[in-house]
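Per-entry structural report
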Amino acid sequence: MNTFIATSIFDIFKIGPGPSSSHTIGPMKAALAFRRSLERLSADILAQVDSLDVALYGSLSATGLGHGTHKAVLGGLLGWTPEGCDADRLLALFAKEGAEYEIVIGGCKISFRAENIRFAGAGERLHYQNTLLFTARGGDRDIQTGEYYSIGGGFILEKGERARCPPELPYPYSNMNDLRRLVEERHCSLDDIILANEEKLADRSRSEIQAGLDRILSAMLESVKNGLAVDGVLPGPIGLKRKARALHRHSRAVSDSHDRFLAALNAYTLAASEENAAGRKVVTAPTSGSAGVLPGIAALLRRHFKLPRKELRKGLVAAAAIAFVARHNASIAGAEVGCQGEVGVASAMAAAFMTHVHGGSIRQMENSAEIALEHHLGLTCDPVDGYVQIPCIERNALGAVSAYNAYILAMVGDPLRQKVSFDQVVEAMRITGKEMSKKYKETAEGGLAVCTVHC
Ligand code: SF4
């Protein structure tokens with residue numbers, strides 16, 4: 001791909017309800033976009049709308065119930081946003097059987113029930129597998145339709161939408177090789193490059209961007225703190241008990257410092273992942289399913305190494321750069337490339353975060369990300385019962401530990417002797433994902449999802 005990377009940091013790091021960015025944040029944004037399209041209709045046309053139907057396809061159909069897609073869709077139709085919505089109110093939607101909601105748009109009131117959402121199957125002939133079709137009807141006539149695609153990480157596309165022409169960027173790059181050369185040849189820091197581009201992309205000043213990064217960091221640390229404060233069982237039929245709080249207590253009780261440190265990292269990561277599984281607010285990093293890895297590492301650096309927020313903000317910039325390259329040249333969606341694109345990329349982001357805040361060079365940062373992603377290649381997405389719980393929660397913890405290990409390996413090795421580049425491992429992920437059976441791409445039709453039922 002020859003186009004330049006034009007993704008904003010705040011498109012990678014989005015605050016929103018769990019448990020799956022492509023199944024909750026993306027669909028909520030799609031439903032909100034459809035609502036906005038209805039708001040643009042003239043009052044007399046809008047007054048004719050008497051029903052609203054939504055069809056979900058692909059993995060939205062296969063695992064949508066477990067991922068809370070129906071609630072997210074209704075939330076969006078009600079005008080809620082992922083960052084602004086109240087997680088408790090969202091979780092309560094459709095909790096009562098036969099519940100009926102009133103969607104008010106302009107002067108028009110449309111009744112909406114669970115039956116208005118159809119889990120419509122694979123949708124083989126659709127342009128993109130995770131498709132949402134919205135239809136507003138008046139009598140037996142379609143008044144307005146909308147077709148949206150949830151393309152992973154909370155990103156959406158509308159049918160026929162043309163790619164936005166990005167502004168001219170001060171530092172254009174398409175891959176890690178370009179980015180490294182910009183740093184080395186122009187003697188710029190990675191932060192200067194990413195933040196200068198961000199100023200153009202997001203049309204924000206440097207101080208506004210720093211404030212935005214602070215908000216993201218706070219939301220990440222908050223998800224860890226909240227997850228450490230609760231016990232109990234996660235929603236859904238599995239009956240999975242939260243573990244983070246107990247592990248955190250254990251980490252404080254053990255005397256051996258190494259065990260303590262590892263147990264704490266696991267506890268922080270589990271805490272944010274359990275919050276995600278419970279449908280609470282998390283930060284996509286790069287997705288909600290993998291939203292425990294980076295907060296786990298950030299909490300470790302903040303709580304144990306007392307790193308100031310300024311340093312952690314720098315870490316977020318490095319992590320974003322890794323996600324940009326992975327998304328631009330392969331994918332960060334479990335529905336496209338399996339879990340290698342979610343927890344694998346999250347682990348690479350966290351490794352880069354660690355390396356960057358500890359003063360590693362651009363090559364060491366790249367190498368740490370490469371090592372972390374390399375050892376997640378081929379990882380399938382097979383959530384049991386379609387819930388982002390097993391294997392997702394523990395997988396986040398292992399992704400964080402791998403990130404730490406990748407950082408150590410990259411910092412001690414000669415960075416020039418690394419045999420595999422980050423771009424090469426991203427390409428390997430893309431090809432592996434392309435060849436992976438769709439059973440292993442967030443459909444709950446293969447792997448662990450099936451074995452735990454049938455084996
Ligand atoms: S297995 Fe990985 S990609 Fe699939 S839902 Fe869980 S965290 Fe996301």
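Each value, and the rule that gives it
Residues numbered from 1 in each chain as written. Predicted model: local features only at pLDDT ≥ 70, side-chain atom pairs only at ≥ 80, totals over all residues. Heavy atoms only, no water. Pairing = 2+ DSSP bridges. Helix = DSSP H or I, 4+ residues; strand = E, 2+ residues; numbered from the N terminus. Axes fitted to C-alpha atoms, helices over the stretch in contact; angles between N-to-C directions. Contact = heavy atoms within 4.5 Å. Salt bridge = Lys/Arg side-chain N within 4 Å of Asp/Glu carboxyl O. Buried < 20%, exposed > 50% of the residue type's maximum accessible area, 1.4 Å probe, protein only. Expected span 1.5 Å × (residues − 1). Patch = residues over 30% accessible without salt bridge, like charges linked within 9 Å, V, L, I, M, F, W, Y side chains within 5 Å. Areas by Shrake-Rupley, 256 points an atom, 1.4 Å probe, with all protein chains shown as cover. Lys, Arg positive; Asp, Glu negative; His and termini not counted. Charge placed at Lys NZ, Arg CZ, Asp CG, Glu CD. Domains from an automatic or database assignment. Buried area = accessible area lost by both parts, 1.4 Å probe. Arc of directions from axis to C-beta.

A few words now on the sheet that holds strand β5 (residues 117-119). The strand order across the open sheet formed by five strands is β5-β2-β6-β7-β8, and the pairing between neighbours is mixed. Edge positions in the sheet fall to β5 and β8 (155-158), since each of these pairs with one other strand and no more. Each neighbouring strand pair of the sheet contributes to a mean axis angle of 20 degrees, computed without reference to strand direction. The sheet contact formed by strand β7 (residues 141-152) and β8 spans four bridges and is antiparallel. Opposite Gly 152, over in β8, you have Phe 155 as the bridge partner. The sheet contacts of helix α2 (residues 21-39) involve β2 (51-56), β6 (131-138), β7 and β8, and relative to β7 the element is tilted by about 150 degrees. Packing against the sheet, helix α4 (residues 59-67) makes contact with β2, β5 and β6, and its axis sits at approximately 115 degrees to β5.

What follows covers the pattern of salt bridges. Under the defined criterion, the tally for this structure stands at 23 salt bridges. Residue Asp 214 is joined to Arg 309 by a salt bridge in which the shortest nitrogen-to-oxygen separation is 3.2 Å. Of this pair, Asp 214 sits in helix α9 (residues 206-228) while Arg 309 is found in helix α13 (residues 309-329), placing the two residues 95 residues apart along the sequence. Note on Arg 309: relative accessible area 26%, which makes it partly exposed. Among the salt bridges present, the one from Arg 245 reaches Asp 231, with a minimum N-O distance of 3.1 Å. On the criterion of sequence distance, the pair formed by Arg 245 in helix α10 (residues 244-253) and Asp 231 in the loop between α9 and α10 is long-range, its members being 14 residues apart. Classification of Arg 245 as partly exposed rests on a relative accessible area of 29%.

This part takes up α13. For α13, spanning 21 residues, the distance from its first C-alpha to its last is 31 Å, which sits close to the expected 30 Å at 1.5 Å a residue. The element α13 is extensively covered by neighbouring structure, given that 16 of its 21 residues are classed as buried.

A few words on unusual backbone geometry. With an omega dihedral of 5 degrees, the bond running from Ala 285 to Pro 286 counts as a cis peptide bond. One can find Pro 286 in the loop between β9 (281-283) and α12 (293-303). The omega angle of the peptide bond from Ile 390 to Pro 391 is 10 degrees, so this bond is cis rather than trans. Structurally, Pro 391 is set in the loop between α16 (362-374) and α17 (392-412). At Asp 203, a position not held by glycine, the phi torsion is positive, near 50 degrees. Positionally, Asp 203 belongs in the loop between α8 (190-202) and α9. Residue Asp 203 is classed as exposed on the basis of its relative accessible area, which comes to 68%.

Now for the environment of Ile 371. Here Ile 371 lies in helix α16. The spatial distance from the C-alpha of Ile 371 to the C-alpha of Asn 405 is 9.0 Å, given a sequence separation of 34 residues.

So, about a positive patch on the surface. Together, Lys 225, Arg 252, Arg 302, Arg 303 and Lys 306 give the surface a local cluster of positive charge. Here Lys 306 is to be found in the loop between α12 and α13. Using a relative accessible area of 61% as the deciding quantity, one classes Lys 306 as exposed.

Moving on: the domain arrangement of the chain. As far as domains go, the chain holds domain 1 (18-158) and domain 2 (176-454). For domain 1 versus domain 2, the distance between C-alpha centres works out to 29 Å. In this assembly, 27 residues from domain 1 lie in contact with 27 residues from domain 2. Of the roughly 2000 Å² buried between domain 1 and domain 2 on both sides combined, carbon and sulfur atoms contribute 51%. If you look at where domain 1 meets domain 2, you find two salt bridges. The partner of Arg 215 in a salt bridge is Glu 83, and the shortest N-O contact between them spans 2.4 Å. At the level of elements, α2, α4, α6 (87-92) and β7 are the ones that each hand at least two residues to the side of domain 1 that touches domain 2.

As a further point, take helix α18 (residues 422-435). The end-to-end C-alpha distance of α18 is 20 Å, a good match for the 20 Å that 14 residues give at a rise of 1.5 Å each. Among the residues making up α18, those that are buried are Phe 422, Asp 423, Val 425, Val 426, Met 429 and Gly 433. Looking down the long axis of α18, one finds its buried residues gathered within 165 degrees of arc, a one-sided arrangement. Turned more than 90 degrees away from the buried face of α18 sit Lys 434 and Glu 435, all of them exposed. In this fold, the buried residues of α18 make contact with α7 (176-185), α13, α14 (334-337), α15 (343-357) and α16.

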